[in-house]
Amino acid sequence: MKKITICVRIISFCLIFCLLFSMATEIMKDKRCEGEYDVTNKVKGFYREPENSLDFVFIGSSQLYAHVAPAVLYRDYGITSYDFAANEQPLWISYYYIKEALKHQQPKAIVLEVFTIYGEDYEEEGVNHINLDDLPWSMNKVRAILDGVPGELQYSYFFELAKYHSTWSGFYEGKYTYTFQSPVNVNKGYSPFVVYGEYEEGAKEEVRNSQKCVPIPERAKEWLLNIIELCRQEEVELIFLKTPNGNPERQMLYNSLEIFSKEQNVPFLNLNTILDGEAHVNVLQAEKITQYVGAFLSERYELEDKRSDSTFPYQKAWEESVRNFEQAKQQCAKAEPMDEK
C-alpha cells in the first residue's frame, strides 16, 4: 500500500510539474498580436473558424495575407475563405499548414501562394519560430519541426522555454492575456495595409514580357510535389497562385512554375503578369487583386452564395468582416505619401 501511495504521489507531481511547465512556456512565448504582422492572431484565429465552413483555404507567406482579403471574396461573391499564412513561409512548412487545414475544413480547393518557391535551404531561425510557434501540438507540428528546422536547432522548438526563458525582462500583459484567449480573427487572416500606394493599371512591362526561365530549386520542387501528392490523397483540388509583386527577376521563377504546373495538371493563376504590385500592397490594391482571384474561383467552381443563403449560420460574422474591410478602405483612401506628411 505504501508503494502505491508513493507511486501516486510521484505521478501526481510529474503531471502537475508538466502542466505548470507547459503553462509557463506558453506564457513566455512571443505573441505576435499587434499591427499588420499579427501572425499569432492569424494562426490561432484559423482554429476558431467553424469546422467545414470555408469554401477555400489560402496558404502562404505575408504576400498572401497582404494581398488576398477574404472579406472581399464574401462581399462580391459570397465565398468564405481564410488566409492561413505566416511570414516567409517555406513550402516544407506550407505542407504541414495544409495538413492542419484539412483536419478542420473540407474546402473546394487549397490555394497555395507560391512566393517562396525560391527556397533551397532552411529558413532563418526567427522565420521558423514565427511559422511554428503558434501551431497547436500535434504530429503535424512535430513533423514540421523535423523537416523544417536544422537538427542542431530543433531543441528550441520542442523545448520552447530554451528560447523564451529570458523574456521576463520584456514581459507585458498581452503575453499572459493571449495565452488564455484565442480570439476570432475578424479579418480572416488578412492584414489591411492602410498606407498610400501608387500602382499602374496593369503589370509592369518588364514583368509582363518576361520570357526567361530560372529553374525551381530542387528542395522547393520536392515539396511542391509533396503538396500535390497530399492534395490528391485528400481528394482536394490544389491551385497555385502568385499575387503581383512587380519583381521581374522572380517572374523568371514563375515562368518555370508555369511549365511545371502544366506538367502536373495544377491550375496556376499568375497575377504577377496581370496586375502591378509589391511585397505588401495596400488595401485598395488588395481589393483589386482579390476581385481577380474571386472571378477565377467563381468561374471554376459552382459555389453557393452564402450572402443569400438563409441556412448559413455565420452571416453576421462575415458581415462584420466586410464592415471592417470597408473601414480600412476608407482610411486607406485618405492616406498621403510619407514625404507629404
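Residues numbered from 1 in each chain as written. Predicted model: local features only at pLDDT ≥ 70, side-chain atom pairs only at ≥ 80, totals over all residues. Heavy atoms only, no water.

A. Region of interest: the sheet that holds strand β5 (residues 268-270). Taken in spatial order, the five strands line up as β2-β1-β3-β4-β5 in an open sheet, and their pairing is parallel. The sheet is open, and its two edges are formed by β2 (81-85) and β5, each paired on a single side. Within the sheet, the average angular offset between the axes of one strand and its neighbour, ignoring direction, is 20°. Most of the contacts of helix α14 (residues 283-300) go to strand β4 (residues 237-242), to which it runs at about 155°, and overall it touches β1 (56-60), β4 and β5. (Pairing = 2+ DSSP bridges. Helix = DSSP H or I, 4+ residues; strand = E, 2+ residues; numbered from the N terminus. Axes fitted to C-alpha atoms, helices over the stretch in contact; angles between N-to-C directions. Contact = heavy atoms within 4.5 Å.)

B. Just helix α15 (residues 315-333), in detail. Taking 1.5 Å of rise per residue, 19 residues should cover 27 Å, and α15 covers 27 Å from first to last C-alpha, within 8% of that figure. Every buried residue belonging to α15 is among Gln315, Trp318, Ser321, Val322, Phe325, Ala328 and Cys332, and all of these are buried. Buried residues of α15, seen end-on, are gathered within an arc of 145° and therefore sit on one face of the element. Turned more than 90 degrees off the buried face of α15, the exposed positions are Lys316 and Gln330. In the core, the buried residues of α15 are packed alongside α4 (70-77), β2 and α14. (Expected span 1.5 Å × (residues − 1). Buried < 20%, exposed > 50% of the residue type's maximum accessible area, 1.4 Å probe, protein only. Arc of directions from axis to C-beta.)

C. Just helix α12 (residues 218-233), in detail. A rise of 1.5 Å per residue sets the reference length of α12, with its 16 residues, at 22 Å; its end C-alpha atoms lie 22 Å apart and thus fit the reference within 8%. All buried positions along α12 are accounted for by Arg219, Ala220, Trp223, Leu224, Ile227, Ile228, Leu230 and Cys231. Where α12 ends, the next residue or the one after it, Glu235, has phi of about 55°, a positive value.

D. Spotlight on the side chain of Asp147. Inspection of the secondary structure puts Asp147 in helix α7 (residues 139-148). On the accessibility criterion, Asp147 (19% relative accessible area) is buried. The contact partners of Asp147, leaving out residues within four places of it in the chain, are Trp92, Tyr96, Tyr122, Arg219 and Trp223.

E. Representation of the pairing of β1. Most of β1 is tucked away, with five of its five residues classed as buried. Where burial is concerned, the two faces of β1 agree: the one with Phe56, Phe58 and Gly60 and the one with Val57 and Ile59 are both buried. Across four bridges, the pairing between β1 and strand β3 (residues 109-113) is parallel. Of the residues in β3, the one forming a bridge with Phe58 is Val111.

F. Quick look at the nonpolar core. Grouped together as the largest cluster of nonpolar side chains are 80 residues, with contacts concentrated most on Phe58, Phe84 and Phe240. Of all the elements, helix α5 (residues 91-104) adds the most residues to this core, at nine residues. In contact with Phe84, not counting residues within four places along its chain, are Val43, Phe46, Tyr47, Val57, Phe58, Ile59, Gly60, Tyr97, Glu100, Ala101 and Leu135. (Core = buried A, V, L, I, M, F, W, Y, C linked by side-chain atoms within 4.5 Å.)

G. Fine view of unusual backbone geometry. For Lys188, which is not a glycine, the phi torsion comes out positive at approximately 55°. As for its placement among the helices and strands, Lys188 is situated in the loop between α10 (173-180) and α11 (205-208). When its relative accessible area of 3% is taken as the criterion, Lys188 is described as buried. Phi is positive for Asn265, which is not a glycine, with a value near 60°.

H. Summary view of the pattern of salt bridges. Enumeration according to the criterion identifies 14 salt bridges in this entry. Ionic pairing is found between Asp76 and Arg75, a salt bridge with its closest N-O pair at 2.7 Å. Residue Asp76 is classed as partly exposed on the basis of its relative accessible area of 26%. A salt bridge links Arg300 to Glu237; the nearest nitrogen and oxygen atoms lie 2.7 Å apart. Taken as a pair, Arg300 in helix α14 and Glu237 in strand β4 lie far apart in primary sequence, 63 residues in all. Looking at Arg300, the relative accessible area reads 41%, which means it is partly exposed. Looking at Glu237, the relative accessible area reads 28%, which means it is partly exposed. One network of salt bridges, in which partners are shared, links Arg75, Asp76, Glu287, Glu326 and Lys329. (Salt bridge = Lys/Arg side-chain N within 4 Å of Asp/Glu carboxyl O.)

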